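Chains, contacts and geometry: an overview
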Amino acid sequence: MPSIASDLEIPRRRWRIAFLLGIGVLVNYFDRVNLSVAHAALITTFAISNVTFGYLSAAYNWTYALCQLPLGVVLDKFGVRRVGRISSFVWSVASFAAAITPNLGGFFAARLLLGIGEAPTFPSNAKAIGYWFPAKERSSATSIFDGAAKFASAIGVPIIGILLLKVGWRWSFAATGLISLLYFLLFCRVYRDPVDDPELTDRERDYIMEQNHAELNLPAETASFGYLIRQPKVIGVTIGFGAYNYVFYLLLTWLPSYLSQALHIDLLHSFLYTGVPWLIGWACEMVVGGWLVDRLIDHGWNASTVQRVVLIGGTTMGLGILGAAYAQTATSALLWISISLGGLSSASAVGWSIPSLIGPRGSVGTLGGIQNFSSQFSGILAPIVTGYLVSARHSFGWAFGVSAIYLSVGIAAYIFLLGRIEKIPSEHKG
């Protein structure tokens, strides 16, 4: 294995690809958070209730979730480059469609189309990272694109919020559509798989292949869908990651409204304040979930122990959201939400890598689809359940309480079902 010094001398085209994928996720989440920013404006324009807004927030996740299970087959057949081009163009169209729709039905349709367009993003990014990065660099590479989801909320909510207050919600959706279209052109221009990239040097290609040599020469064991969903480790990560995504989507869709409704903060400041916990979440994912995990493992620490501590510890910190239920000031609320998001963000980088760590090599895509389908089901439930609870209780206390209960179940699933992070036995062994 090359030394750390020699690693630093290797050309770094692969990191340019990682940042390209990160920009794509950043743009993805601009498209997603513009709905939470436009909450009050949409209620006025379409005369809808908080319950209806909850369903509208979840519309994206319906098609997103339904696309997850077949995506592994589609990606294997058509590849990252072709699927990435089509998906980024489709989500651009969806944002423009939301901007010009004359009625609520059209807006729902635009959000459903957005879910279809953005569904391949994370599975194709994970596949691209597998192509471009040796195993020892994948946590850092993964944290770049997964952390972009938090960074997008940190900067996107204030920017889109100010734009909405200046020119209206339709122009804010048109702006995210334009940004998406620019990313489509950038992706078409830059992305290639390593075997097709003319800018990848022979030295860097050899480095990637050498580091992955042992992995590539392992037998490509497979496991059926039925076998995988019966495995305690799969059940554990499915429940645990679902709990994470429930809190993530609750905050993604409702945080500005919580600050303005529950704490009586004006819209401009609620948009600005929303960026604080997301910025902390992004920093924690980059430093703890990415750099620190890779650093400790590279220095000889037990990989499973490091990953479990970050996964379970970070998810436990997510329970800080319960403190926001009793917050009386913006400072207190932001503190508790920042603790929650910081921990969950650190855990999510590890969570995204689990399918490749525990799944048989030939079934990582299937396992990733199972995990992501479950997490998106939680993404559907979170805004809807929150909408009902806020309407019925006229507060966010029960909404945050339900999310804390779900997180507690997820933590137990990580501890008792996922257990040690290691390969699931082959379906045909023993």
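Below or above, wherever it landed, is the structure these notes cover. (Residues numbered from 1 in each chain as written. Predicted model: local features only at pLDDT ≥ 70, side-chain atom pairs only at ≥ 80, totals over all residues. Heavy atoms only, no water.)

**Here we look at the environment of Gln-371**
- Looking at the secondary structure, you find Gln-371 in helix 17 (residues 364-393).
- Measuring from C-alpha to C-alpha, the distance between Gln-371 and Gly-242 comes to 7.8 Å, with 129 residues separating the pair along the chain.
- Here Gly-351 takes part through its backbone oxygen, which lies 3.1 Å from a polar atom of the side chain of Gln-371. (Helix = DSSP H or I, 4+ residues; strand = E, 2+ residues; numbered from the N terminus. Polar contact = N/O pair within 3.5 Å; in protein donor to acceptor, adjacent residues only side chain to side chain.)

**Quick notes on helix 18 (residues 397-418)**
- With 22 residues, helix 18 should cover 32 Å at 1.5 Å per step; its first-to-last C-alpha distance of 30 Å lies within 8% of that length.
- The complete set of buried residues in helix 18 reads Ala-399, Phe-400, Gly-401, Ser-403, Ala-404, Leu-407, Gly-410, Ile-411, Ala-413, Tyr-414 and Leu-418.
- Those residues of helix 18 that are buried lie in contact with helix 12 (232-261), helix 14 (303-317), helix 15 (321-324), helix 16 (330-358) and helix 17.
- Gly-419 sits one or two positions beyond helix 18 and adopts a positive phi of about 60 degrees. (Expected span 1.5 Å × (residues − 1). Buried < 20%, exposed > 50% of the residue type's maximum accessible area, 1.4 Å probe, protein only. Contact = heavy atoms within 4.5 Å.)

**Here we look at the pattern of salt bridges**
- Applying the stated criterion across every chain yields a total of 10 salt bridges.
- Here Arg-13 makes a salt bridge to Asp-197, at a shortest N to O gap of 2.8 Å. Taken together, the residues Arg-13 in helix 2 (residues 13-37) and Asp-197 in the loop between helix 8 (169-190) and helix 9 (202-211) connect sequence positions 184 residues apart.
- We classify Arg-13 as buried; its relative accessible area is 8%.
- For Asp-197, a relative accessible area of 3% puts it in the buried group.
- Salt-bridge contacts for Lys-150 lead to Asp-146; the nearest nitrogen and oxygen are separated by 3.4 Å. Within this pair, Lys-150 and its partner Asp-146 are both found in helix 7 (residues 138-167), separated by 4 residues, close to a single helical turn.
- Given the relative accessible area of 0%, Lys-150 is considered buried.
- Among the charged side chains, a network of salt bridges with common partners joins Arg-13, Arg-16, Asp-197 and Glu-199. (Salt bridge = Lys/Arg side-chain N within 4 Å of Asp/Glu carboxyl O.)

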